[in-house]
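# Fold and contact review
Now for the letters of each chain:
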Amino acid sequence: MPDTYDVIICGAGAGGGYLAGEIAANGTVLLLDAGPHIGAGEAMAPGIGSPSRRKFSTQINLGKYIPDSKTSGGQGNAFFAYPIYMDQSNPVFSAVQREPRVVGGGTFLNVGAWVRPRTVDFDGFAEETGVKGWSKQDFEPFFQQCEKTQFVHRTPRENWNPGSIAYEKAANRLGIKMYETSTNKFHCIFCGHRLDAGMPCKYDSLMGTAQTQIPKAIAAGATVLDNATVVKVEITNNKATGVTYVRNGVTTTATARKLVVVAAGAIGTPAILFSSGVWDKNKNVGQYLRAHPGIAMDALVPEPPAGGRWNTDRGYQWNCYHYPLDEKGQPVDVIIHASAGFPAATPWVAAQVGFFGQAYKDLMRRYPQRVGAFHFQLKPSIYGRVMGGVEKPIINYPVATVDGVLEPKILSDFTASIRTSARIFKEMGAIDMYPNPNLSTALFNQTITQLVTTAGALHPQGTCRAGASRTNSVVDTNCMSFDVDNLMCCDASVIPNHISSNPNSMIMAIGARAGAFVRSSILNTPSKNISTDEVAQ
Amino acid sequence: MMRDALAELDKVVSRRVFFDRIFKAGALVAAMDVIGPKAFGALTAADKATALAVYSACCKLVIPVDQDPGWATFEPGISDYGLNVFVGQVALGGSQQALDGFIGALVAFNQAPRTLGYNDLFLNMAPDAQLQYFTTSLTGGFEADGYGDVLVVAAFFCMFTAKATFFSNYPRHLAQDTEFQVLQPSSVKTGWDIMGWKGPVGPEEEKALRAKYYDAPVIPGIDFSNPWI
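Residues numbered from 1 in each chain as written. Chains lettered and ligands numbered in written order. Predicted model: local features only at pLDDT ≥ 70, side-chain atom pairs only at ≥ 80, totals over all residues.

## Side note on the overall build of chain B
We apply this condition: By definition, any uninterrupted DSSP run of H or I lasting at least four residues is a helix, any uninterrupted run of E lasting at least two residues is a strand, and each is numbered from the N terminus. Residue burial is a threshold on neighbouring C-beta atoms within 10 Å of the residue's own C-beta, all placed from the backbone, with 20 or more meaning buried, 12 or fewer meaning exposed, and counts in between meaning partly exposed. C-beta atoms are first placed from the backbone for all residues, and any pair lying within 7 Å is then listed as a contact.
Within chain B one finds ten helices and one strand. From first element to last, N terminus to C terminus, chain B shows the α and β order α-α-α-α-α-α-α-α-α-α-β. For chain B, the proportion of its 229 residues judged to be buried stands at 44%. Looking at chain B alone, contacts between residues at least 24 apart form 58% of all its contacts between residues at least 6 apart.

Here is the structure:
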């Protein structure tokens, strides 16, 4: 195996995996990932799948989900788990931030809801960092490209779950506009996976980089090394020259002739840059963390629709979503995913119902089938921070202050969104729900605070953000480091300001855009000019 | 080293503020005595045993035994699993520092009643008194006494993880090493049995689902009726 490549990519997730597929035909590429390459070498027809991937997806439940536990048999290596400190009033306590550790990254595991950012997000990029070339128009062709490669589509209503249909109908009766959730799946069996703690698609229908771009890269000659943990980027004379990684206990340094790409996610990328000494050159590394606090809402609706079941115990489908609106008709910074399965099918959500003792147990017996919705608060008015190198990074995301009070915008936005969902659930006939906006203000606020600070924050982004200047950013408009030549970041860390959606689509679009830049400006090969019309065909 | 320095700095600053807040509540000395050493990781084997006993007692309040099994029915393995695996690994991501913090909070939860009018350790209290103390802690009732954060964290996490553990189908929560999640035959009635959940899809059901949905029609692209994207 050679030890010199044109491009070395650290991380085979949504960003790095996508980029690899875009550039592998134009130069020699080494793609490193800390996790296993499930199904490598097997035919991976979506919806049919590889036996090993199906087995892996089945096993991502409580047992092997757990890193290094006595019950995991040492096989709990599918996630990085980082401590995240969210409540400044209680410094002895941290929640956990879990990031996928597998070739394909989050696109290999998470159920594929494909949601684009809002227009206002792109406007916010320039306002936040002055970055140029990050407008909605600039990214439109890349979103379209990704939606084509990932088979992004919607599901006709006849195959929605009953809870989503009932939720949409109730919302429509109240004049609340719902939108159809797109998904990156193929040959989906709607929906048979049993949720325990993880969220994989057991049936191989999920279309991520492991099924699309990475096989494309391998076919073009790229080398993929799994279970290879990057230690640091080698930097000589202010130029990235290679990557040192550990694989099977052996430390190796590979040389990059033209480019090193760090694509280890919004936590992993700054950690690698810390260990590589880039923080010494640019103190913005690890700063400006943004994330989405998430809350699941659970409702007790006595009468399921015709057919008798909500399909709550067989996984979840996010078929439709909406935003709560303010008094001016503008969206509040929360996205609400209607769901039948999620609230009731996972012990996590059943556990957050605010009762305990005999009352709780009776409730579980009486309402085994429940419906719900998942709320992401999209734009907290705080910045978090990632600290530390690759060995043990930690995260500060202080959503609760030293007084134990939740950041006001998170609280007010969640209050608005939960009230909106509560109206819809009530229209569906709900007799109770959790969290319940009819609680006293103090108790409601306490409930939200507890849920947010213990659940962690999802969708981390912005820790090596793109901007106009090294004074406020880490990379430029093309995701190239301001401070180290031949060094690029390509993942959620470069997002200049928080976006209003699950980040999957945005990260892949960044990967696609970076691919065009690398082909034309780094590898100096003709860049395929992707026009909107061409993609649409 | 830089990470350690930053982490330590943050913690020292945060703890200073934390204890300042407790001071304002008028219980600094008591709180330092109870949780101070624990917060900095000076845990003993006795502390860990006490924490497990406190966790177990709280979980028995959360999932009582009635006509169906409860937490006590699954003892002793479920408490060890709940604390060291579910809390330690799943909820706290394997962070020993965080788990030590929670264990410290549980030890404080046991000792705090002595200064809160109960005149006894939590573990020595009668079940009704335990239930009252647990409920008051959970709802932040001891906030003004300077113990609010620690007791709320202890009670809330006990409640949350007890429910999550029980309804994760313990003790049949681990998938077997097969393509399908095979559940071993057992006479133990689990949380799923109580909920009436059907459990994992087996080969025959999957075959039927595939026959029904394979090549099902889809609508290409995204929903552009959303005016905000």
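## Comments concerning the pairing of strand β10 (residues 228-236) of chain A
Residues and elements named next belong to chain A. This is how it is decided: By definition, two strands form a pair when at least two bridges between them are found by DSSP.
For β10 and strand β11 (residues 239-247), the ladder comprises eight bridges, and the chain directions are antiparallel. Paired with Ala228 across the bridge in β11 is Arg247. What sits between the antiparallel neighbours β10 and β11 is a turn of two residues, in which Asn237 has the positive phi angle 50°.

## Points about the nonpolar core
Note the threshold: Each nonpolar core consists of buried Ala, Val, Leu, Ile, Met, Phe, Trp, Tyr and Cys residues. Their C-beta atoms, within 7 Å, join them into a set.
One finds A:Ile8, A:Ile9, A:Cys10, A:Ala20, A:Val29 and A:Val261 to be the most contacted residues of the largest nonpolar core, which totals 226 residues. Here the element with the most residues in this core is helix α8 (residues 148-166) of chain B; it accounts for 13 residues. Apart from residues no more than four positions distant in its own chain, A:Ile8 is found in contact with A:Leu30, A:Leu32, A:Gly242, A:Val243, A:Ala254, A:Ala256 and A:Val260.

## Some words on the sheet that holds strand β6 (residues 152-154) of chain A
Strands sit in the order β5(A)-β8(A)-β6(A)-β1(B) across an open sheet of four strands; the sheet is antiparallel. Looking at strand neighbours, the two that pair on one side only are β5 (113-114) of chain A together with β1 (219-220) of chain B, the edges of this open sheet. In this structure, β5(A) lies alongside strand β8 (residues 182-184) of chain A, joined through two bridges in antiparallel fashion. In the sheet register, A:Trp114 faces β8(A), and the bridge partner there is A:Ser182.

## With respect to the confidence of the model for chain B
Residue and element names in this part refer to chain B. The criterion, for reference: In predicted models, pLDDT denotes the confidence assigned by the predictor to each residue on a 0 to 100 scale.
Mean pLDDT over chain B: 78, with 74% of residues reaching 70 or higher. Element-level mean pLDDT values for chain B span from 41 in helix α1 (residues 2-24) up to 96 in β1. Taken as a whole, residues 1-34 scores under 50 in pLDDT and shows 41 contacts with residues more than four places along the chain or in a different chain. Two summary scores accompany this predicted model of the complex, namely pTM at 0.90 and ipTM at 0.91.

## Remarks on unusual backbone geometry
Residue A:Pro435 is reached from A:Tyr434 by a cis peptide bond, and omega for that bond is 0°. Summarising the element assignment, A:Pro435 is placed in the loop between β19 (432-434) and α14 (441-455). For the bond from B:Tyr170 to B:Pro171, the omega torsion is 0°, close enough to zero to count as cis. With respect to the helices and strands, the residue B:Pro171 is situated in the loop between α8 and α9 (191-195). Despite not being glycine, B:Asn119 shows a phi value in the positive range, around 60°.

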